[in-house]
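A closer look at the structure
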Amino acid sequence: MSTFHLKYYLFSNIIYFEFNPDGKDVKQLLRKNIRQAVRRTDFLLMIITLALSVFGIIMVSSATFSSAAIFSRDARVMVLALGLGLAASIVISLIDYDIILKLWPLVAGGSVLVMLSLFVIGVSPDGRSDAISWIKIGSLYFQPSEIVKIGFIITFAFHLSKVKNNISEFKNVMYLCIHAAIPIFLVIRTGDMGSALIFIIMFIGMMFTAGVNWLYFPAGAIIVAAASPVIWLKVFDDIQRNRILALFNPEEYSTEIYQQNQALKAIANGGFSGMGLFHGKLAHSDLLPEKENDMIFSVICEELGLIGAIAILLLFLLLLWRLFVIAVNAPDLFGSLIAVGVMTHIA
């Protein structure tokens, strides 16, 4: 009588159950296994994730509120995305992650192709002449780097797992660095420096978790520091360089630092308890650029004050804690690295 183990990943939590295909009452066994899976689901992680999603929808609704549309298009898209994401997470949780592991060549190839497509059909966000990081589908904009991040977590976790016994050999470390450099380079060339930074953080976190000799990390920092003049002159364009310089000389680069200055003013407006939901002064004006996405935290601070800011940060800390627990209790290195990849992506 054969038995196979199906590993469930529901909301990033690892759940096990056994299924005996030779049994007569397959439906009864399947129902039993599903009940066991539900009992072992990390409902705290599920609740935290849903709470953050609903909170985000409310705050985006506030940031985009107008008398013409109380529930804005951005908020409606987020509701749709939440529903689709929830459905997709349940479906994916029914797939043995060993199957996903075996599909790594398709994941890797697809990730590279979708990034290369940006150089052909990529479009710039409003007000950004230096970026081609979006694809327009009808009236919707899609950012491929978000999908590529998931692909990178899968492929890099597989790569690290394959070389785990000799992971600190120089050759293996170089191959791992090349693996990470490919998506980072492509993302930088499309003008998305924020996503590039996230890739770097995921790379470092997953390398550390896999047990790479710690001496490689300061050595890598020294190499990056030595190469910084080349990176500054050859990798960054004028707009990206000016944005970095604006942090040190805001008076000279007032245009580049305008968004950050307005965000700080919104945060200061909120004080301890905030101006009230849907009542933010800058949040409901045209003086706070990208308030529904990049600057949403400043909207939270202005409308809900220090209390709201602390509440949302605590929710994120709880989320990271649950992912850390999952990583520690994962049955193998691949599972642990997947959890760490997600955790560092969020962090």
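Use the structure listed above.
Per chain, the residues get numbers from 1 upward, laid out in the order the sequence is written. For this predicted model, a pLDDT threshold of at least 70 governs which residues receive local features, and a threshold of 80 or more governs which side-chain atom pairs are given and counted, while totals over whole chains, interfaces and linings are taken from all residues. Heavy atoms throughout the structure, all of them, feed into the side-chain values; hydrogens and water do not.

**Some remarks on the overall build of the chain**
Tallying secondary structure elements over the chain gives 14 helices and four strands in all. Here, residues are in contact when the closest pair of their heavy atoms is within 4.5 Å. Put simply, of all contacts in the chain between residues at least 6 apart along the chain, 62% involve residues at least 24 apart. Note on areas: Shrake-Rupley, 1.4 Å probe, and residue coverage restricted to the protein chains presented here. Roughly 19600 Å² of accessible area belongs to the chain as shown, and the carbon and sulfur atoms make up 69% of that amount. Secondary structure elements are defined from DSSP: runs of H or I of at least 4 residues count as helices, runs of E of at least 2 residues count as strands, and each element is numbered from the N terminus.

**Structural notes on helix α11 (residues 238-248)**
Since the α-helix turns once every 3.6 residues, residues separated by three or four places project in the same direction. What α11 keeps buried is the set Gln240, Arg241 and Ala246. The inward-facing, buried residues of α11 contact α8 (170-189), α9 (193-210), α10 (216-235) and α12 (254-270). Polar contact criterion, stated in full: a pair of N or O atoms within 3.5 Å, where within protein one must be able to donate a hydrogen and the other to accept it, and residues adjacent in sequence count only if both atoms are side-chain atoms. The opening residue of α11 is Asp237, an N-cap whose side-chain oxygen sits 3.2 Å from the backbone nitrogen of Ile239. Buried means the residue's accessible area, taken with a 1.4 Å probe over protein chains only, is under 20% of the maximum for its type, while exposed means over 50%, and partly exposed covers the values in between.

**Here's the deal with the packing of α9 against helix α14 (residues 333-346)**
Where helices are involved, their axes are fitted lines through C-alpha atoms of the stretch in contact, as for all axes, and angles between N-to-C directions lie from 0 to 180°. Running from N to C, α9 and α14 point in directions that differ by 145 degrees, and their axes come no closer than 9 Å. Once α9 is placed against α14, the crossing between them reads as right-handed. Residues Ile198, Ile201, Met202, Gly205, Met206, Thr209 and Ala210 of α9 touch α14, and the partners they reach there are Leu333, Ser336, Leu337, Val340, Gly341, Thr344 and His345. Split into classes, the residues belonging to the contact of α9 with α14 amount to eight nonpolar, six polar and no charged. Working rule for handedness: look at the near helix, and if it is turned counterclockwise from the far one by less than a right angle, call the crossing left-handed; if clockwise, right-handed. The residue classification treats Ala, Val, Leu, Ile, Met, Phe, Trp, Tyr, Cys and Pro as nonpolar and Asp, Glu, Lys and Arg as charged. All others, Gly included, are polar.

**Details of the pattern of salt bridges**
Whenever a carboxyl oxygen of Asp or Glu lies within 4 Å of a side-chain nitrogen of Lys or Arg, that contact is scored as a salt bridge. Overall, the coordinates contain two salt bridges when judged by the stated rule. Ionic pairing is found between Lys149 and Glu146, a salt bridge with its closest N-O pair at 2.9 Å. Linking Lys149 with Glu146, this pair stays in helix α7 (residues 144-162), spanning three residues, or about one helical turn. Glu146 sits in the partly exposed class, given a relative accessible area of 34%.

**Focus: unusual backbone geometry**
Positive phi values are uncommon outside glycine, yet Phe278 reaches one of about 70 degrees. Mapped onto the fold, Phe278 is located in the loop between α12 and α13 (296-329). Taking relative accessible area as the criterion, Phe278 reaches 29% and is therefore assigned partly exposed. Even without being glycine, Glu290 reaches a positive phi, approximately 55 degrees. Along the chain, the position of Glu290 falls in the loop between α12 and α13. We classify Glu290 as partly exposed; its relative accessible area is 31%.

**Overview of the packing of aromatic side chains**
Two rings from Phe, Tyr or Trp (for Trp, the six-membered ring) form a pair when their centres are within 6.5 Å of each other. A pair whose planes differ by under 30 degrees is stacked, one over 60 is edge-to-face, and the rest are tilted. A complete count under the given rule lists seven aromatic pairs for this structure. By the ring-pair criterion, three or more aromatic residues cluster together here, those being Phe152, Phe156, Phe199 and Phe203. The positively charged end of Arg322 is found above the aromatic ring belonging to Trp321, 4.7 Å away from the centroid. Note on geometry: a ring has a charge over it if NZ (lysine) or CZ (arginine) is within 6 Å of the ring centre and within 35 degrees of the ring normal.

**Thoughts on the packing of helix α2 (residues 43-63) against helix α3 (residues 73-93)**
For any two helices packed against each other, one specifies the crossing angle of their axes together with the interaxial distance. Packing of α2 against α3 leaves a shortest axis separation of 8 Å and a crossing angle of 165 degrees. As judged from the angle between their axes, α2 and α3 are roughly antiparallel. Between α2 and α3 the crossing geometry is left-handed. Here Leu50, Ser53, Gly56, Ile57, Val60 and Ser61 of α2 lie close against α3, whose contacting residues are Asp74, Ala75, Met78, Val79 and Leu82. Class assignment for the residues of the contact of α2 with α3 results in seven nonpolar, three polar and one charged. Angles below 35 degrees are treated as roughly parallel, those above 145 as roughly antiparallel, those between 65 and 115 as roughly perpendicular, and all remaining angles as oblique.

**So, the layout of surface pockets**
Rolled over the atoms, a probe with the dimensions of a water molecule shows which regions are left empty. Only protein atoms enter the 1 Å grid used here. Points where a 1.4 Å probe fits but cannot escape make up a cavity, open sets with protein on both sides within 12 Å along at least five of seven lines make up a pocket, and a residue lines them when an atom lies within 4 Å of a point. Grid points are joined across faces, edges and corners, and a volume is the space filled by probe spheres set on the points. Roughly 240 Å³ of volume is contained in the second largest pocket. Along the wall of the second largest pocket there are 14 residues; nearest its centre are Ala108, Val112, Thr155, His179 and Pro183. No other element matches the six residues that helix α5 (residues 104-116) contributes to the lining of the second largest pocket. Broken down by class, the residue content of the lining of the second largest pocket amounts to ten nonpolar, four polar and no charged.

**A closer look at the side chain of Ser285**
Following the sequence through the fold, Ser285 ends up in the loop between α12 and α13. The class of Ser285 is buried, set by a relative accessible area of 17%. Among the polar contacts listed, one links the side chain of Ser285 to the backbone oxygen of Leu282, at a separation of 2.9 Å. At 3.2 Å, the side chain of Ser285 and the backbone nitrogen of Leu287 are in polar contact.

**Describing the side chain of Thr190**
Considering the arrangement of structural elements, one finds Thr190 in the loop between α8 and α9. One polar contact links the side chain of Thr190 to the main-chain carbonyl oxygen of Val187, over a distance of 2.7 Å.

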